Amino acid sequence: MTQQGIQPDLITYSVLLKSCIRSRDFNRGKLIHACLVESELEFDTVVLNSLISLYSKCGDWKMANSIFGEMGSKRDLVSWSAMISCFAHNHRESEAVITFYKMLEHGQYPNEFCFAGVIHACSKAEFGWIGKVIFGFVIKTGYFEADLCVGCALIDMYVKSEVDLVSARRVFDEMPVKNVVVWTLMITRYTQCGFARDAIDLFLDMELSEFTPDMFTFSNVISACAELGYFQLGQQLHSRAIRSGLAMDVCVGCSLVDMYSKCANDGSVDDSRKVFDRMPYHNVMSWTAIITGYVQSGGGDFEAIDLFCKMLQGEVRPNHFTFSSVLKACANLGDKKMGEQTYCHVVKLGLASVNCVGNSVISMYAKSGSMEEARKAFDILFEKNLVSYNTIVDGYTKNFDPEEAFQLFNQIENTGMGVSSFTFASLLSGAASIGSIGKGEQLHARLLKVGFNSDQCINNALISMYSRCGNIEAASKIFSEMEDKNVISWTSMITGFAKHGFAKKALEMFHKMIKTGIKPNEVTYVAVLSACSHVGLVAEGWENFKSMEREHRISPRMEHFACMVDLLGRSGLLDEALDFIYTMPFQADSLVWRTLLGACRVHENMEIGKLAAKQILELEPNDPAAYILLSNLYASSGQWKDVVDIRKNMKERKLTKEAGCSWIEIENKVHKFFVGDTAHPRAEEIFAELDRLGCKIKDLGYVPNTDFVLHDVEEEQKEQYLFQHSEKLALAFGLISTSGSRPIRIFKNLRVCGDCHSAMKFVSIATKREIVVRDSNRFHHIKDGKCSCNDYW
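About the criteria used
Residues numbered from 1 in each chain as written. Predicted model: local features only at pLDDT ≥ 70, side-chain atom pairs only at ≥ 80, totals over all residues. Heavy atoms only, no water. Salt bridge = Lys/Arg side-chain N within 4 Å of Asp/Glu carboxyl O. Helix = DSSP H or I, 4+ residues; strand = E, 2+ residues; numbered from the N terminus. Pairing = 2+ DSSP bridges. Axes fitted to C-alpha atoms, helices over the stretch in contact; angles between N-to-C directions. Parallel < 35°, antiparallel > 145°, perpendicular 65-115°, else oblique. Left-handed = near helix turned anticlockwise from the far one by under 90°. Contact = heavy atoms within 4.5 Å. Nonpolar A, V, L, I, M, F, W, Y, C, P; charged D, E, K, R; others polar. Core = buried A, V, L, I, M, F, W, Y, C linked by side-chain atoms within 4.5 Å. Buried < 20%, exposed > 50% of the residue type's maximum accessible area, 1.4 Å probe, protein only. Patch = residues over 30% accessible without salt bridge, like charges linked within 9 Å, V, L, I, M, F, W, Y side chains within 5 Å. Areas by Shrake-Rupley, 256 points an atom, 1.4 Å probe, with all protein chains shown as cover. Lys, Arg positive; Asp, Glu negative; His and termini not counted. Charge placed at Lys NZ, Arg CZ, Asp CG, Glu CD. Phe/Tyr/Trp six-rings, centres within 6.5 Å; stacked < 30°, edge-to-face > 60°. Lys NZ or Arg CZ within 6 Å of the ring centre and 35° of its normal.

K.L.:
What should I look at first to understand the pattern of salt bridges in this one?
P.N.:
If the charged atoms of two oppositely charged side chains come close together, the side chains can form a pair. Enumeration according to the criterion identifies 26 salt bridges in this entry. Between arginine 189 and aspartate 156 there is a salt bridge, with its nearest N and O atoms 2.5 Å apart. A residue pair is termed long-range when its members are at least 10 positions apart, and arginine 189 in helix H12 (residues 180-192) and aspartate 156 in helix H10 (residues 148-162) qualify at 33 residues. Ionic pairing is found between arginine 197 and aspartate 201, a salt bridge with its closest N-O pair at 2.7 Å. Within this pair, arginine 197 and its partner aspartate 201 are both found in helix H13 (residues 196-208), separated by 4 residues, close to a single helical turn. Connected through salt bridges with shared partners, the residues Asp156, Lys160 and Arg189 form a single ionic network.

K.L.:
What is the right way to read the sheet that holds strand E5 (residues 779-783) from this model?
P.N.:
Note: strands within a sheet are paired through backbone hydrogen bonds, in either parallel or antiparallel orientation. Reading across from one edge, E2-E1-E3-E4-E5-E6 is the order of the 6 strands in this open sheet, with mixed pairing throughout. Each edge of the sheet is formed by a strand with only one pairing partner; in this case those strands are strand E2 (669-674) and strand E6 (786-787). Of the strand pairs in this sheet, E5 and E6 are connected by 2 bridges, and their pairing is antiparallel. Counted as the bridge partner of isoleucine 782 is cysteine 787 from E6.

K.L.:
Quick question: what am I supposed to make of the environment of proline 318 here?
P.N.:
Relative to the helices and strands, proline 318 resides in the loop between helix H19 (301-313) and helix H20 (320-333). For the pair proline 318 and asparagine 460, spaced 142 residues apart in sequence, the C-alpha to C-alpha distance is 39 Å.

K.L.:
How do you make sense of the packing of helix H30 (residues 487-499) against helix H32 (residues 522-535) when you look at a structure like this?
P.N.:
The relative placement of two packed helices is expressed as an angle between their axes plus a distance between the axes. Running from amino to carboxyl end, H30 crosses H32 at an angle of 15 degrees, the nearest separation of the two axes being 9 Å. In terms of orientation, H30 lies roughly parallel with respect to H32. Of the two elements, H30 crosses H32, and the hand of that crossing is left-handed. In this structure, H30 contributes Val487, Thr491, Ile494, Thr495 and Ala498 to the contact, and H32 contributes Val523, Thr524, Ala527, Val528, Ser530, Ala531 and His534. When the residues that make up the contact of H30 with H32 are grouped by side-chain class, the tally is 7 nonpolar, 5 polar and no charged.

K.L.:
I keep staring at the nonpolar core and nothing clicks. Help me out?
P.N.:
Within soluble globular proteins, side chains that are nonpolar tend to cluster in buried spots. Core analysis: the largest hydrophobic core is formed by 209 residues, its most contacted members being Ile119, Ile134, Ile155, Met259 and Leu596. Those residues in contact with isoleucine 155, other than ones at most four positions away along the chain, are Ala168, Val171, Phe172, Met175, Val182, Leu185 and Met186. With 29 residues, the next largest nonpolar core counts Phe673, Phe723, Val763 and Ile782 among its residues.

K.L.:
What should I look at first to understand a negative patch on the surface in this one?
P.N.:
A surface patch of negative charge is lined by Asp575, Glu576, Asp579 and Glu607. When residues in the negative patch are grouped by element, the largest group, 3 residues, is from helix H35 (residues 574-582).

K.L.:
Explain the pairing of E2 to me, please; I cannot follow it from the model alone.
P.N.:
Along any regular strand the residues' side chains alternate between the sheet's two faces. Note that strand E1 (residues 661-666) and E2 share 6 bridges and pair antiparallel. Counted as the bridge partner of cysteine 661 is phenylalanine 674 from E2. In textbook terms, the turn of a hairpin is the stretch between consecutive antiparallel strands, and for E1 and E2 this stretch comprises 2 residues, one of which, glutamate 667, has a positive phi near 50 degrees.

K.L.:
Sorry, what's going on with the pairing of E5 here?
P.N.:
Among the 5 residues that make up E5, 4 are buried, leaving the element largely enclosed by the rest of the structure. Across 4 bridges, strand E4 (residues 771-774) lies against E5 in antiparallel orientation. In the sheet register, valine 773 faces E5, and the bridge partner there is histidine 780. In sequence, E5 turns back onto E6 through a hairpin of 2 residues, with aspartate 784 there showing a positive phi of about 50 degrees.

K.L.:
Which parts of the structure should I look at to understand the packing of aromatic side chains?
P.N.:
Aromatic ring pairs are reported here in terms of the distance separating the ring centres and the angle at which the planes meet. Enumeration over the complete set of coordinates arrives at 22 aromatic pairs. Where tryptophan 183 meets phenylalanine 211, the ring centres are 5.9 Å apart and the plane angle is 45 degrees; that geometry is what we call tilted. Of this pair, tryptophan 183 sits in helix H12 while phenylalanine 211 sits in the loop between H13 and helix H14 (215-228), and the two are 28 residues apart along the sequence. Taking relative accessible area as the criterion, tryptophan 183 reaches 7% and is therefore assigned buried. Among the aromatic residues, those joined into a cluster by ring pairs are Trp542, Phe545, Phe561, Phe580 and Phe586. Between the NZ or CZ atom of lysine 178 and the centre of the ring of phenylalanine 172, over which it lies, the distance is 5.0 Å. Directly above the aromatic system of phenylalanine 378 lies the positively charged group of lysine 384, at a separation of 5.2 Å from the ring centroid.

Shown next as structure tokens:
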């Protein structure tokens, strides 16, 4: 037309602008605007309204407002309506409300589009009251009965401003006319707000009302099934979607992928993958849904990363949810390198500051033990939420740095954002990991103040904290006062009794649990078998091991086999333990062989010990624990040449032995000691106390057992070595730092030395103090010369 020299008129330009708006071709629309300006035609109201709509749709509210401001007398009801809608949909809610009032002042009477726009603007908490006032206006005008858009806007206003689904449903029920859009909107809002059961009920009502669901209806009701775990209903909806020809829609497909991954009884992602593979094309939602499904399945992290790599090879760009799931997969695998490569993509796409991505990065670094990098990722987050704080706090506690975790806890309280039950659970776990009963008691007091004392998760964490800190009585009190106990509560208590050597109480608790109707899980049986192992109840151990599958259909895992090997090994039945390993339905891992090797060290069985060590080194050639256990076994029998060879081999492989460390908490401060440690400020007093103790306990009959000094030195020097062990240093410090009324609680990262164990029994007599020691295996309650382990550990 222009090539033939014919000048377009305003009607032509108006048609072109509307065409660009409908097709969302905003750049071409802006070019037409430029041509309009060059044409020097005087814009009429229709063209100006189209331009407001064009710039509103492309997010340029400033340009739209500029055009509206210059219209003057050319403004009509459509202009006001377009501007109100522009502000409302571009997050300028206050301007939308102000424009609505200005329109009324100019004598314009609002239509359904004005009402829909301003009500949409009131879908925020601070404007909800204004929305209710306007609702009254709507009722008076009669638009509520006449227009579906106004009703939909009102439903959204109640849901989004106050999460008031009761009022939203009342609006829905009062609407005289409904279509599939209205039904789907109400179903969607129920699903999004966590009322999945109501969403499904409303869908069934929709079916009875003979409305035909569309792809959005199916997508949301299938998502509701996923939240509730309604697998069979989800399958029926899948079948219905196929009959309706909507199963290949990308939204329906994404919901089906999510539903099958969440509802599969066996945790399989196979059905999700079938749906995904059958989809004709994929968008970012479908890729993210299947990747997330694999991550959440508990064993599909490698497949999730593989799918992510395939996604990158295509044209679909990952979003922040995709990256969050992939980073979780890297965290689960402990694959820091892959996590960092993924993070590079995050940075390139400008998503590093998004909370869910940043939180996943923190988790990835924390799970790989890189807390310095995790802290950097936390610090650069532009907006930290409670999940961010919980993730870094949990990372510090799991990496045995509770001091830093507690500092962050104080920061959370100072921000005023509140503390969740997860925060308390993580901190209680941190207090338990270092045996800081003082910090645990402080947390207990704080959570009572904020009202978390009835929370099941918190009570379970308290049971674990008190039992791991050596106060099994407090743990038992928490358990007995709980109104709502689950399998974790019972298992935590059974584990506590087992670790403290109260096997009879542990087994009684287990039988009581069964009688109350709580079904044990795999972890429960680990606790029960450990209880039998700690006191040598071989017959009971066998009976419980066999009852797992027979009575509760729980297939024994590697941990259960390791417990049985431990039980047999501690009891000196090493040949039987070896035969048991050979009859296992799968190949024994290094944990099982390490357990057997430890028993060989105690019972000085060189032959089976060598065999166990060989198996460990084949499975994990760089495991220093196997070398140390074998070296100790040689040393205990005086084979010093073999000891030297092993240590030389370790040095060549650059393998280091974990240093023995003991610690004790005094006045909320943890004091650590290593063997021969002279770095403590009160070292002189500690060694003086050790000298006094040595004289006292020798008078009571203590004889140093130099067999526990695994060095080829003179006997006198061996005795000196014994009195420099870390647990003896911690004990001496505890004696000079506390009064005689409270037990001395000592914690050690390795198994307590046999000589130290014997010496502590004599010290408990000499000082009339109770001594509680937690080593890597169990607790030892030492009082009046006797230990709760009965010298069996």
